[in-house]
Amino acid sequence: MDQMTLEPHYADDCVFCKILKGEIPSYTVYEDNIVKAFLDISQGTPGHTLVIPKTHVQDIFAYDADLAAAVFSRIPKIARAIQAADPTITGMNIVNNNGKVAYQSVFHSHFHLVPRYTDHDDFKMIFQDNSGNYTPAKYAAIQEQIKAHLEA
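My aim in this report is to walk through the structure given alongside it, one point at a time. Within every chain, residues take consecutive numbers counted from 1 along the sequence as written. At least 70 in pLDDT is required for a residue's local features to be given in this predicted model, at least 80 for side-chain atom pairs to be given and counted, and no such filter applies to totals for whole chains, interfaces and linings, which use all residues. By convention in this description, side-chain values take in all heavy atoms of the structure and omit both hydrogens and water.

A short note on the overall build of the protein
For clarity, the cut-off: We count a stretch as a helix when DSSP gives it H or I for four or more residues in a row; a strand needs E for two or more, and each element gets its number in order from the N terminus. Note on contacts: a residue pair qualifies if any of its non-hydrogen atoms lie within 4.5 Å across the two residues.
Each helix and strand in the protein was counted, giving four helices and five strands. Written out in order from the N terminus, the α and β elements of the protein read α-β-β-β-α-α-β-β-α. Counting only C-alpha atoms and orienting by the principal axes, one finds that the protein spans roughly 50 × 45 × 25 Å. The long-range share in the protein, meaning contacts at least 24 apart out of those at least 6 apart in sequence, stands at 57%.

Describing the pairing of strand 3 (residues 49–53)
The side chains of a regular strand alternate between the sheet's two faces. Condition: Burial classes: relative accessible area under 20% of the type maximum marks a residue as buried, over 50% as exposed, and values in between as partly exposed (1.4 Å probe, protein chains only). By the convention used here, strands pair only if DSSP detects at least 2 bridges between them.
Most of strand 3 sits inside the fold, with five of its five residues counted as buried. Side-chain alternation along strand 3 places Thr-49, Val-51 and Pro-53 on one buried face and Leu-50 and Ile-52 on a second face that is also buried. Pairing of strand 2 (residues 35–39) with strand 3, which is carried by five bridges, proceeds in the antiparallel orientation. Paired with Ala-37 across the strands is Val-51, a residue of strand 3. Where strand 3 lies against strand 5 (residues 111–116), three bridges are found, and the strand directions are antiparallel. Of the residues in strand 5, the one forming a bridge with Thr-49 is Leu-113.

Details of the nonpolar core
Definition in use: The criterion is simple. A nonpolar core is a set of buried Ala, Val, Leu, Ile, Met, Phe, Trp, Tyr and Cys residues joined through side-chain atoms within 4.5 Å.
In this structure, Val-35, Val-51, Tyr-63, Val-71, Ile-78, Phe-111 and Leu-113 are the most contacted members of the largest nonpolar core, which totals 19 residues. Taken together, the elements giving at least two residues each to this core come down to strand 2, helix 2 (65–72), helix 3 (75–85) and strand 5. Among residues more than four places away in sequence, those in contact with Val-35 are Tyr-30, Val-51, Ile-52, Pro-53, Lys-54, Val-71, Arg-74 and Ile-78. Judged by nonpolar contacts, the second largest core, of 10 residues, contains Phe-16, Ile-19, Ile-52 and Val-106.

Details of unusual backbone geometry
Its identity as a non-glycine residue notwithstanding, Tyr-103 has a phi of 75 degrees, on the positive side. In this fold, Tyr-103 is placed in the loop between strand 4 (91–95) and strand 5. Backbone geometry at Asp-122 places phi at a positive 65 degrees, although glycine is not the residue there. If you trace the backbone, Asp-122 turns up in the loop between strand 5 and helix 4 (136–147).

So, the pattern of salt bridges
Rule in force here: Within this document, salt bridges are pairs made up of a side-chain nitrogen of Lys or Arg and a carboxyl oxygen of Asp or Glu, the two lying within 4 Å of each other.
Inspection of every chain in the model, using the stated rule, returns six salt bridges. Across the pair Lys-36 and Glu-31 runs a salt bridge whose closest N-O atoms are separated by 3.3 Å. Note on Lys-36: relative accessible area 7%, which makes it buried. Judged by relative accessible area, Glu-31 falls into the partly exposed class, the value being 39%. Where salt bridges share partners, they join Glu-31, Lys-36 and Lys-54 into one cluster.

Details of the sheet that holds strand 3
The cut-off we apply is this: Fitted lines through C-alpha atoms give the axes, limited to the stretch in contact for helices. The angle between two N-to-C directions lies from 0 to 180 degrees.
Taken in spatial order, the five strands line up as 1-2-3-5-4 in an open sheet, and their pairing is antiparallel. Each having just a single partner strand, strand 1 (28–31) and strand 4 make up the two edges of the open sheet. Neighbour-to-neighbour, the strand axes of the sheet open up by a mean angle of 20 degrees, direction not taken into account. Sheet strands in contact with helix 3 are strand 1, strand 2, strand 3, strand 4 and strand 5, and its direction is about 30 degrees off that of strand 5.

What follows is the structure in structure tokens.
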């Protein structure tokens, strides 16, 4: 098992660490010794909540198995509470952006829980279909490149 500590440590220049230390107020909906969940100030849709680890970790690439298990295991509970709070919620996007090119704007790992109400609630995700650019050989080459870097 990996050895990343679950004990909190903070970065001085991180807005989320400042929230964790109480230097910046937040609308907390859930908190324990591993995560803090609070309303996203932008409220992409009503109830839009961020879930952050209570230790500074830049992005998903910096997680170890222990931290991932601890953080991810709390997301369904928080998501169910958001959904239960408003019977008009019919779905939820759970989004994690990693790196500037992937729209990460705060470099403390966080998960967006974005309640969905209708097809027209002003939240969009677009997945372009590029399948016409790929042959079975090209898919297999990408598959093998990824598999070669997985640890047993």
